[in-house]
Amino acid sequence: MASSRPRALSGIQPTAGSFHLGNYLGAIRQYVALQETHDAFYMVVDLHAITVPQDPAELRANTRLAAAQLLAAGLDPERCTLFVQSHVPEHAQLGWVMNCLTGFGEASRMTQFKDKSARHGADRATVGLFTYPILQVADILLYQADAVPVGEDQRQHVELTRDLAERFNGRFGETFTVPAPYIVKEVAKIYDLQDPSIKMSKSASTPKGLVNLLDEPKTTAKKVKSAVTDTDTVIRFDAEEKPGVSNLLTIYSTLTGATIADLEQKYEGKGYGALKTDLAEVMVDFVTPFRVRTQEYLDDTETLDSILAKGAEKARAVAAETLADAYDKLGFVPAKH
């Protein structure tokens, strides 16, 4: 792969089961586009998953499921590097180095820790949950990533990564690329189909408001057809006054490439029923091949595991070089092989 390309790195949690429409349109579609322009590294972050209790069999199944869905969504192992985080031990090794460079107060200010520990109960929060942003720093710096595709909620973690890269470089000499957050401004925000005031998400949405990509297509069609709209009948985009209809128009536009203006014109004088029926069809056309491709990978774990093993080998080639340089700069005695 051309090394002249800027490098991008991102990770996805294996705890979600099925991806939902919000994940796909908000993040995964960007992953697919980035493999065309960047030297892209994507990982299933199973080390991050264990910051909260996991059932071992479920974790293993969900890790493969996440990888299968990424491939089904269009990631191509010939054009990007896809791997499982725990297959590359350098993540944990550099993570420890970064722990030793991070101030306790600095780590305490991470807002996601506050949210997550509040959710699980602060007395039950693990040290791993507290320090996972520092492992995330190591994830990024290992690959000398220029760009980190993240949601706005992760911007603080990229800032921490920049601070620690600069701190290490300042103290020990130029070692790490200082990365920039890659926050795609025009990403469509997808809202809950039953409560368009909240973002579609596993934790907040009701089952009827969440479109899981691995649901039966007829279940998906039913959810779209029973989506909340309003008492008016005019189909126009107005996020304040008509959040439900605006959300449906956003989904339709994002999946088909039609502009919102085109859709408003197309449905002028027609009722919400027509919009929902057509959108349900668009959704079914989208989820059906995605489900089939995901299942093909899950039915052939040998091929799936082999793709992940090759990805880990490519990832380790880069990660090991970075770690060796960092260890040398720190003053560790090199291991003789």
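This structure is a prediction, so every number in the text was calculated from the model and none was measured.

Caption draft 1: Representation of the overall build of the chain. Along the chain, the regular secondary structure elements total 13 helices and five strands. Taking 2.2 N^0.38 as the reference for a compact globule, 337 residues should give roughly 20 Å; the C-alpha atoms of the chain span a radius of gyration of 22 Å, in line with that estimate. A principal-axis box enclosing the C-alpha atoms of the chain has dimensions of 75 × 45 × 40 Å. Residue burial in the chain is summarised as follows: out of 337 residues, 47% are buried. Taking contacts inside the chain between residues at least 6 apart in sequence as the whole, the part at least 24 apart equals 75%.

Caption draft 2: Local environment of the pairing of strand β1 (residues 7-12). In terms of burial, β1 is a largely internal element, five of the six residues being buried. As defined by bridge partners, β1 adjoins strand β2 (residues 39-44) across six bridges and the pair is classed as parallel. What sits directly across from R7, in β2, is D39. Handedness of the crossover joining β1 and β2 through helix α1 (residues 21-37): right-handed.

Caption draft 3: Expanded view of the nonpolar core. Counting 53 residues, the largest nonpolar core has L21 and L70 as its most contacted members. No other element matches the eight residues that helix α12 (residues 272-299) contributes to this core. The residues contacting L21, other than those within four sequence positions of it, are I190, M200, V211, L213, I251 and M283. Core analysis: the next-biggest nonpolar cluster, separate from the first, contains 36 residues, A107, M110, V150 and F176 among them.

Caption draft 4: Molecular detail of the packing of helix α9 (residues 217-225) against α12. Put simply, α9 and α12 touch, their axes get as near as 9 Å, and they point 150° apart. Accordingly, the angle class assigned to the pair α9 and α12 is roughly antiparallel. Seen from above, α9 lies across α12 with right-handed handedness. Note on element contacts: α12 touches α9 through K276, T277, L279, A280, M283, V284, V287, T288 and R291, opposite P217, T220, A221, V224 and K225. Considering only residue class, the contact of α9 with α12 consists of eight nonpolar, three polar and three charged.

Caption draft 5: View of unusual backbone geometry. In this structure, Q144 is a non-glycine residue whose phi angle is positive, near 50°. With respect to the helices and strands, the residue Q144 is situated in the loop between α7 (127-142) and β4 (147-149).

Here is what the cut-offs are and how they apply
Residues numbered from 1 in each chain as written. Predicted model: local features only at pLDDT ≥ 70, side-chain atom pairs only at ≥ 80, totals over all residues. Heavy atoms only, no water. Helix = DSSP H or I, 4+ residues; strand = E, 2+ residues; numbered from the N terminus. Rg over C-alpha atoms; globule rule 2.2 N^0.38 Å. Buried < 20%, exposed > 50% of the residue type's maximum accessible area, 1.4 Å probe, protein only. Contact = heavy atoms within 4.5 Å. Pairing = 2+ DSSP bridges. Right-handed = clockwise from strand over helix to strand, strands pointing away. Core = buried A, V, L, I, M, F, W, Y, C linked by side-chain atoms within 4.5 Å. Axes fitted to C-alpha atoms, helices over the stretch in contact; angles between N-to-C directions. Parallel < 35°, antiparallel > 145°, perpendicular 65-115°, else oblique. Left-handed = near helix turned anticlockwise from the far one by under 90°. Nonpolar A, V, L, I, M, F, W, Y, C, P; charged D, E, K, R; others polar.

So, to be careful, I would describe these as geometric facts and stop short of saying anything about function.
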